[in-house]
Amino acid sequence: MLRFTDNPAHRPGTSRPPARPRAKAWRASAIFGACLTLLTTVLAVTFGAGNASAHGAVSDPPSRHYGCYQRWPNGPSQQMATEDPMCYQAWQADPSAMYNWNGLFREGVAGNHQGAIPDGQLCSGGLTFNGRYAAMDKPGAWVAPSRPSRFTLNLNDTSSHGADYIRVYATKQGFDPKTQPLKWSDLELVGQTGKIPTGTRTPVEVNAPGRTGHHVLFTVWQASHLDQSYYACSDVNFTDGGTTTTTTTSTTTTTTTTTSNNPSAGCSATFRVTSQWSGGFQVEARVTAGATPITGWTVSWTFTSGERINSSWSATLTTSGSTVTARNAAYNGSVGAGASTTFGFVASGTAGSPTLTCTAS
């Protein structure tokens with residue numbers, strides 16, 4: 001004779017108590033919720049305020065904050081403190097500077113970078129985002145990959161928004177990045193583009209002759225989609241002392257004229273060839289006001305040997321045949337009596353000595 005126990009779980013038509021599966025489901029739900037909360041926190045730190053419109057940074061040679069993130073993605077450690085002390089101090093100061101490596105920018109600069117960023121704050125973009133990147137301004141033994149004096153710098157634009165221009169400056173020979181804060185007067189333009197599309201690998205040709213040892217490259221990237229200016233300090237160890245075929249020359253020509261509607265105003269202009277190589281050259285032009293202040297200026301000249309303008313900055317250049325006309329930008333038209341402003345350009349061909357005409361208003 002078969003006999004049934006009075007265990008409800010064993011009665012016909014009765015299920016086992018679901019307590020254990022429910023407990024497992026609750027625990028799985030709790031773990032998932034905790035992971036989701038942690039992920040949300042990480043994303044909030046990594047893509048925090050100010051990064052929604054962020055785009056990129058110089059990736060080779062890496063800008064200071066980008067390099068610190070790439071070399072040490074897990075944050076500060078004793079190994080970092082020993083091997084990479086400048087990155088260690090940066091991580092200790094503000095980890096979000098590394099997590100937001102593609103967000104070191106300012107808005108509304110309107111091309112007046114020197115006016116927007118004080119000396120000693122170039123690497124932090126003038127302490128942008130409440131000083132998030134301030135540690136990048138500190139002098140010290142930053143990691144500096146070796147490069148020849150002529151090489152290709154690469155920009156990583158994660159959103160491919162393009163550039164109105166990219167300018168690369170290098171510190172002058174004699175500057176000591178280990179002890180000196182970076183100033184505008186320490187820099188010389190060594191690379192330049194006009195309006196170009198950008199992507200994850202955007203090359204900019206750098207030509208920095210006459211340098212050896214540890215130097216700082218300062219890159220200004222003017223994004224095309226908005227008035228957003230990105231800044232980057234990259235450290236580099238120049239290995240060849242500038243012993244390339246590149247030569248540096250100097251040319252100065254001055255002609256002064258005055259406008260008929262304001263005869264008391266006047267200006268003069270000079271050209272200085274800052275670098276020259278096979279097939280091209282780079283010029284810095286200086287406009288100086290006369291005895292009275294001026295509110296605008298136009299410089300014109302005629303090339304005589306087939307030279308051609310490739311890119312320019314701090315002025316609007318137009319060409320008609322071999323005649324070039326440069327008009328002031330919105331931010332550098334007003335020049336005080338006896339004071340000066342500059343613009344520049346890169347051209348193909350061989351630099352000559354054109355006669356300059358400067359007209360003031």
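Residues numbered from 1 in each chain as written. Predicted model: local features only at pLDDT ≥ 70, side-chain atom pairs only at ≥ 80, totals over all residues. Heavy atoms only, no water.

K.L.:
Describe the packing of aromatic side chains, naming the residues involved and giving the relevant values.
P.N.:
On inspection of all chains with the given rule, the structure shows 18 aromatic pairs. Both rings, one in Trp 184 and one in Phe 218, keep their centres 5.6 Å apart while their planes meet at 90°; by these two values the pair is edge-to-face. Of this pair, Trp 184 sits in the loop between β5 (163–171) and β6 (187–193) while Phe 218 sits in strand β8 (residues 213–223), placing them 34 residues apart in sequence. Each ring, one from Phe 281 and one from Phe 345, has its centre 6.4 Å from the other, and the planes form 75°; the classification is edge-to-face. (Phe/Tyr/Trp six-rings, centres within 6.5 Å; stacked < 30°, edge-to-face > 60°. Helix = DSSP H or I, 4+ residues; strand = E, 2+ residues; numbered from the N terminus.)

K.L.:
Would you mind going over the confidence of the model for the protein chain in detail, with residue names and values included?
P.N.:
Averaged over every residue, the pLDDT of the protein chain is 79; the share at 70 or more is 78%. Here residues 28–53 is a poorly scored stretch, pLDDT under 50, and it has 18 contacts once near neighbours within four places are set aside; other chains count. Every residue in residues 242–264 is under pLDDT 50, and counting partners more than four places away or in other chains gives 61 contacts. (pLDDT = per-residue confidence, 0-100. Contact = heavy atoms within 4.5 Å.)

K.L.:
Give a detailed account of the environment of Trp 297, specifying residues and quantitative values.
P.N.:
One can find Trp 297 in strand β13 (residues 297–302). By relative accessible area, Trp 297 is classed as buried at 1%. Separated by 29 residues in the primary sequence, Trp 297 and Ser 268 place their C-alpha atoms 9.6 Å from one another. A polar contact of 2.9 Å, which involves the side chain of Trp 297, links it to the backbone oxygen of Asn 332. (Buried < 20%, exposed > 50% of the residue type's maximum accessible area, 1.4 Å probe, protein only. Polar contact = N/O pair within 3.5 Å; in protein donor to acceptor, adjacent residues only side chain to side chain.)

K.L.:
With reference to specific residues and values, describe unusual backbone geometry.
P.N.:
Note the cis peptide between Asp 60 and Pro 61, where omega equals -10°. Counting through the fold element by element, Pro 61 comes out in the loop between β1 (56–60) and α2 (64–71). In this model, Leu 127 sits at a positive phi of 55°, which is unusual for a non-glycine residue. Its identity is not glycine, yet Asn 130 carries a phi of approximately 55°, on the positive side. Its location among the elements puts Asn 130 in helix α7 (residues 128–131).

K.L.:
Please give an account of the nonpolar core that cites residues and values.
P.N.:
Formed by 32 residues in total, the largest nonpolar core has its most connected members in Met 98, Leu 122, Met 136, Leu 182, Leu 187, Phe 218 and Tyr 231. Elements with a contribution of two residues or more to this core: α4 (85–93), α5 (96–99), β5, β6, β8 and β9 (228–238). No other element matches the four residues that α4 contributes to this core. If near-sequence neighbours (up to four positions away) are discounted, Tyr 231 is found in contact with His 65, Leu 104, Arg 106, Val 109, His 113, Ile 117, Leu 122, Gly 125, Phe 218, Thr 219 and Val 220. By size, the runner-up hydrophobic cluster in this structure holds 25 residues, among which are Val 273, Phe 281, Val 287 and Ala 289. (Core = buried A, V, L, I, M, F, W, Y, C linked by side-chain atoms within 4.5 Å.)

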